[in-house]
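Structural characterization, general
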Amino acid sequence: MKNQSDHNSKITIIIRFWNDIRALAGLIRAYWKNEYRDISWMTIVIISVTFSYMLFSPIGFIPVLGQIDDIIVLAICLKLIYADLEKYKHFKEEQKSQNNNTGN
């Protein structure tokens, strides 16, 4: 029974990580298009440094190790920008809710 519980929690973590990456992509896109600007300057710096590291890190050219390295750096980034990312997710949910209400 414990193995099933551990398995489910690992899947939950992976799904949450993937959803956070998708939200981060949406946040960057919305910021770039001037659709959403409620982001702290520190979040902008953290995202910029993260992607710069992922693009220019010499470790990135080492198979497997480069991918593991990128996942770790991205996970740290998501943890550091958690509050702004959650605000953006809430903004998107409100937008979706408003669109559903006006569409009826």
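Check the entry above for the structure.
Let me begin by describing the structure that accompanies this report.

Rules behind the numbers
Residues numbered from 1 in each chain as written. Predicted model: local features only at pLDDT ≥ 70, side-chain atom pairs only at ≥ 80, totals over all residues. Heavy atoms only, no water. Core = buried A, V, L, I, M, F, W, Y, C linked by side-chain atoms within 4.5 Å. Buried < 20%, exposed > 50% of the residue type's maximum accessible area, 1.4 Å probe, protein only. Helix = DSSP H or I, 4+ residues; strand = E, 2+ residues; numbered from the N terminus. Contact = heavy atoms within 4.5 Å. Salt bridge = Lys/Arg side-chain N within 4 Å of Asp/Glu carboxyl O. Polar contact = N/O pair within 3.5 Å; in protein donor to acceptor, adjacent residues only side chain to side chain. Expected span 1.5 Å × (residues − 1). Arc of directions from axis to C-beta. Axes fitted to C-alpha atoms, helices over the stretch in contact; angles between N-to-C directions. Parallel < 35°, antiparallel > 145°, perpendicular 65-115°, else oblique. Nonpolar A, V, L, I, M, F, W, Y, C, P; charged D, E, K, R; others polar.

Focus on the nonpolar core
Leu24, Leu27, Tyr36, Ile47, Ile81 and Leu85 are the most contacted members of the largest nonpolar core, which totals 14 residues. Those elements that provide at least two residues to this core are α1 (2-32), α2 (41-56), α3 (65-80) and α4 (82-103). Top contributing element to this core by residue count: α1, with four residues. Those residues in contact with Leu85 that sit more than four places away from it in its chain are Asp20, Ala23, Leu24, Leu27 and Leu78.

As for the pattern of salt bridges
Counted by the stated rule, this structure contains five salt bridges. With its nearest N and O atoms 3.9 Å apart, the salt bridge here joins Arg16 to Asp20. With Arg16 and Asp20 both in helix α1 and four residues apart, this pair spans about one turn of that helix. Note on Asp20: relative accessible area 7%, which makes it buried. The partner of Asp20 in a salt bridge is Lys89, and the shortest N-O contact between them spans 2.4 Å.

Quick look at the environment of Lys87
In this fold, Lys87 is placed in helix α4. Dropping the residues within four chain positions of it, Lys87 is found in contact with Tyr36 and Asp38. At a separation of 3.3 Å, a polar atom in the side chain of Lys87 contacts the side chain of Asp84.

Observations concerning α2
In a regular helix each residue adds 1.5 Å, so 16 residues correspond to 22 Å; α2 covers 22 Å between its end C-alpha atoms and thus fits that length. For α2, the full list of buried residues reads Thr43, Ile46, Ile47 and Thr50. Take α2 and look down its axis: the buried residues cluster within an arc of 95°, on one side only. Residues of α2 that are exposed and point over 90 degrees away from its buried face: Trp41, Val49, Leu55 and Phe56.

Re the packing of α2 against α3
Contact pair α2 / α3: the axes reach a minimum separation of 10 Å and the direction vectors enclose 180°. The orientation of α2 with respect to α3, classified from their angle, is roughly antiparallel. Where α2 abuts α3, its residues Ile46, Ile47, Thr50, Tyr53 and Met54 lie against Asp69, Asp70, Val73, Leu74, Cys77 and Leu80. Across the contact of α2 with α3, the residue classes tally to eight nonpolar, one polar and two charged.

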